[in-house]
Amino acid sequence: MRWWGGTSDTARDGGTGGESGTGGRTVAGPAVRDTALWLALAGVALVWFVGHPRSSVALELVLPLAVLAVAIPARRRWPVAAAFAVNALCAIGLAHPVTPANAYIVALAVSAYLLGTGATTTRSALRAFGGCLALDLALCAALGGGAVWWYYTLTAFPLALLVPWLFGRYWQAQLAFVRGGWQRAQLLERQQRLVAEQARLRERTRIAADMHDSLGHELSLIALRAGALELSPTLTGRDRADLGELRAAVSDAVGHLRDTVGVLRDAEGDRAATPADESVEELVDRARGSGVTVDLRREGTPAPPGLSPLVDRAVHRVVREALTNAAKHAPGGAVRVRIAHEGGRTDVRVTNSGGDAGKSHPPSGPVPGGHGLTGLRERVEVVGGTLRAAPRGTGFEVAATMPDRVGQDRPLREAVADSDTGSDTESREWEPESESVRQLTTARRRARLRFAAAFVVPGGFGLITLGSAAYAAFQLATCVLRPADYAQLHVGADRAEFANVLPARQFPYVSDSVKARPRPAGTTCAYYRSSGSLLDQVDVYRLCYSGSRLVSKDVVPGSGRG
């Protein structure tokens, strides 16, 4: 949960602070978090203050806690200003006579971390940090800070600002990555539900298409047989009229069926469902029984293990569609059906001659309804075959060539998918990347970059800081003259008498104000620290020699900021 940043808690909690229970939680939630954060930081400040009795109550406890009480709730609207205010609290420590450090460096680190988790841009945050460091350096220079103060300003403040901010940015990117993953999972679930629903609708459409193909074929044969009965010489005029009305009613029923199926079909058209189990021979026999002259001839046999069931149904579908079209557009004409099996392929050729008066009326494209030859072509292409339908002489010919087996080295479903989109491998290779995938990839890349920045940048900065700190600590620790040894030194003694208690080196960071203090004429002075504390300002011992004889010793108080 973000406590600090540009995004308001009210917006995140989904309320506007109204009177409802949700609105109450929206107002109470941030207030509770603000109070908890303030109490935690106040506890750290109080512990620090108790351990440093020389600190000012007003300047280093009351005023900072009051500033935090205002900055914490104001951070949501002015996150950069809040960071500046907390940095100013840390800068107050530079005015302390003993140590530049104070407890509010923890508050500065917390504010920088929460600034990184907020909506503040990288450029704005870096500008804010630059302003904070400029303020700290200017204040340190104005106060005449010693070496410890400058070292603290150049190391502790940048670390407290940059490192938590980088971790906050990484955490924000990680949350965005996880949130994007869940959103993508939800999107995929919704898409799966939509695909399932579309599959159900597509199946209903296939049923409608099957009804059109099968029932339409039967009704066309009924109408043809009724037309043939009209010519019977044994019928009375009344019977002929009834048969004519029957044929017209059947024709109207075919038209109504076509219109209904057209409504049920989608804009792109679906594949017709597989017809009922019936052989080509049985289909031809039914057509002959309806008065259609059909000549069926088979040549060769399919290669073992025989025709694939899908190919067998496709052959049946080609013959059935061709017979239906012949009966509809060339009534009375003869139909020749040739099925040849050779070289692992099956050729189907259905040719009809001209109908009554030697004329046929082949369709210029698909049959009325737009789903006869179109659906037939789709069915043939599904099994990897080709279809050609065109006028031939005074009649019409439908020819299809199909393999005996649908790719035995791949699943049937894959073959069906290939007929729509090409090979599955090629479709995956050329399919454009979806927007959700791009967003997830971007979020993953951003999280990795911020993770690297959160560790590499602080790691490099930390190595430099630790190296310089170790060297400075070595210098400060090896220039300490213990107070007990200092007390045993007597003015007038030769340096060789007490050389064994002197440190290995002198204090290298003596301020100009300490060097400018009056000293005996003609003497040279050495300076030593009185304590090994690295962050506190300690007393400095000054020993002045005339030659090798000690002529004076002085204590420069730590409050002298030397």
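Everything discussed here concerns the structure shown above.
Not measured: the values here are computed from a predicted model.

Next up on the list: the state of the cysteines. This structure, assessed with the given rule, holds one disulfide. Sulfur-sulfur distance for the disulfide between Cys-525 and Cys-544 comes to 2.1 Å. Disulfide Cys-525 to Cys-544: torsion about the S-S bond roughly 95°, handedness right-handed. Of this pair, Cys-525 sits in strand 6 (residues 524–529) while Cys-544 sits in strand 7 (residues 540–546), and the two are 19 residues apart along the sequence. We classify Cys-525 as buried; its relative accessible area is 14%. Residue classification places Cys-544 among the buried residues on the basis of a relative accessible area of 0%.

For the rest of this paragraph, the subject is the sheet that holds strand 4 (residues 386–392). Read from one edge of the open sheet, five strands run 1-2-3-5-4, paired in mixed fashion. Strand pairing shows two members of the sheet lacking a second neighbour, strand 1 (293–299) and strand 4, which therefore form its edges. Across the sheet, the mean angle separating the axes of adjacent strands is 10° when strand polarity is ignored. Alignment of strand 3 (residues 345–352) against strand 5 (residues 395–403), held across eight bridges, turns out to be antiparallel.

For the rest of this paragraph, the subject is the pattern of salt bridges. What the rule picks out here adds up to 12 salt bridges. Arg-288 is paired through a salt bridge with Asp-285; the nearest N and O atoms lie 3.6 Å apart. Here Arg-288 and its partner Asp-285 are both found in helix 9 (residues 280–289), three residues apart, which amounts to about one turn of the helix. The partly exposed category is assigned to Arg-288, whose relative accessible area is 39%. The partner of Glu-397 in a salt bridge is Arg-392, with the nearest N and O atoms 3.6 Å apart.

If you trace the backbone, Val-254 turns up in helix 8 (residues 237–264). Here Val-254 falls in the buried class, since its relative accessible area comes to 14%. A sequence separation of 31 residues divides Val-254 from Ala-223, and the C-alpha atoms of the two residues are 9.6 Å apart. With residues near it in sequence (within four places) discarded, Val-254 still touches Leu-219 and Ser-220.

Okay, the packing of aromatic side chains next. Taken as a whole, this structure holds four aromatic pairs when the rule is applied. When the centroid spacing of 4.0 Å and the interplanar angle of 5° are considered together, the rings of Tyr-486 and Tyr-541 count as stacked. Here Tyr-541 lies in strand 7 and Tyr-486 lies in helix 15 (residues 483–488), a separation of 55 residues in the sequence. Side by side, Tyr-486 and Tyr-541 carry an identical accessibility label, which is buried. The positively charged end of Arg-529 is found above the aromatic ring belonging to Phe-507, 5.7 Å away from the centroid. The ring of Tyr-486 carries Lys-553 above its face, with NZ or CZ at 4.6 Å from the centroid.

Pairing between the strands of a sheet is mediated by backbone hydrogen bonds and can be parallel or antiparallel. Here we have three strands laid out as an open sheet, ordered 6-7-8, and antiparallel in their pairing. Two strands close off the open sheet at either side, each with one partner strand: strand 6 and strand 8 (549–556). Between one strand axis and the next, the sheet turns through 20° on average, direction left out of account. Pairing geometry for strand 7 and strand 8, over seven bridges, is antiparallel. Within the sheet, the bridge partner assigned to Leu-543 lies in strand 8 and is Lys-553.

A word on helix 5 (residues 104–117). When the terminal C-alpha atoms of helix 5 are compared, their 20 Å separation across 14 residues agrees well with the 20 Å that a helix rising 1.5 Å per residue should span. The buried fraction of helix 5 is high, at 10 of 14 residues. Regarding helix 5, the residues found buried are Tyr-104, Ile-105, Ala-107, Leu-108, Ser-111, Ala-112, Leu-114, Leu-115, Gly-116 and Thr-117.

What follows is about the pairing of strand 4. The pairing of strand 4 with strand 5 spans seven bridges and is antiparallel. Across the sheet, residue Thr-386 finds its bridge partner in strand 5, namely Thr-401. Hairpin geometry of strand 4 and strand 5 is characterised by an intervening segment of two residues between the two adjacent antiparallel strands and by a positive phi of about 65° at Gly-393.

Burial runs high along strand 6: five of the six residues are buried. Pairing of strand 6 with strand 7 involves six bridges; the strand directions are antiparallel. Its bridge partner being in strand 7, Tyr-527 is matched across the sheet by Arg-542.

On to helix 3 (residues 57–74). Given a rise of 1.5 Å per residue, 18 residues ought to cover 26 Å, and the 25 Å separating the end C-alpha atoms of helix 3 matches this to within 8%. Leu-63 marks the point of greatest bend in helix 3, at about 30°, and the proline Pro-64 comes within the next four residues. Within helix 3 the residues assigned to the buried category are Glu-60, Leu-61, Pro-64, Leu-65, Leu-68, Ala-71 and Ile-72.

Looking now at a nonpolar patch on the surface. Taken together, the side chains of Tyr-113, Trp-171 and Leu-175 define a hydrophobic patch exposed on the protein surface, amounting to about 260 Å² of accessible area. Here Trp-171 lies in helix 7 (residues 147–230). Take Trp-171: its relative accessible area is 42%, and that puts it in the partly exposed class.

What counts as what
Residues numbered from 1 in each chain as written. Predicted model: local features only at pLDDT ≥ 70, side-chain atom pairs only at ≥ 80, totals over all residues. Heavy atoms only, no water. Disulfide = S-S within 2.5 Å. Helix = DSSP H or I, 4+ residues; strand = E, 2+ residues; numbered from the N terminus. Buried < 20%, exposed > 50% of the residue type's maximum accessible area, 1.4 Å probe, protein only. Pairing = 2+ DSSP bridges. Axes fitted to C-alpha atoms, helices over the stretch in contact; angles between N-to-C directions. Salt bridge = Lys/Arg side-chain N within 4 Å of Asp/Glu carboxyl O. Contact = heavy atoms within 4.5 Å. Phe/Tyr/Trp six-rings, centres within 6.5 Å; stacked < 30°, edge-to-face > 60°. Lys NZ or Arg CZ within 6 Å of the ring centre and 35° of its normal. Expected span 1.5 Å × (residues − 1). Bend = angle between axes of the 7 residues up to and from the residue. Patch = residues over 30% accessible without salt bridge, like charges linked within 9 Å, V, L, I, M, F, W, Y side chains within 5 Å. Areas by Shrake-Rupley, 256 points an atom, 1.4 Å probe, with all protein chains shown as cover.

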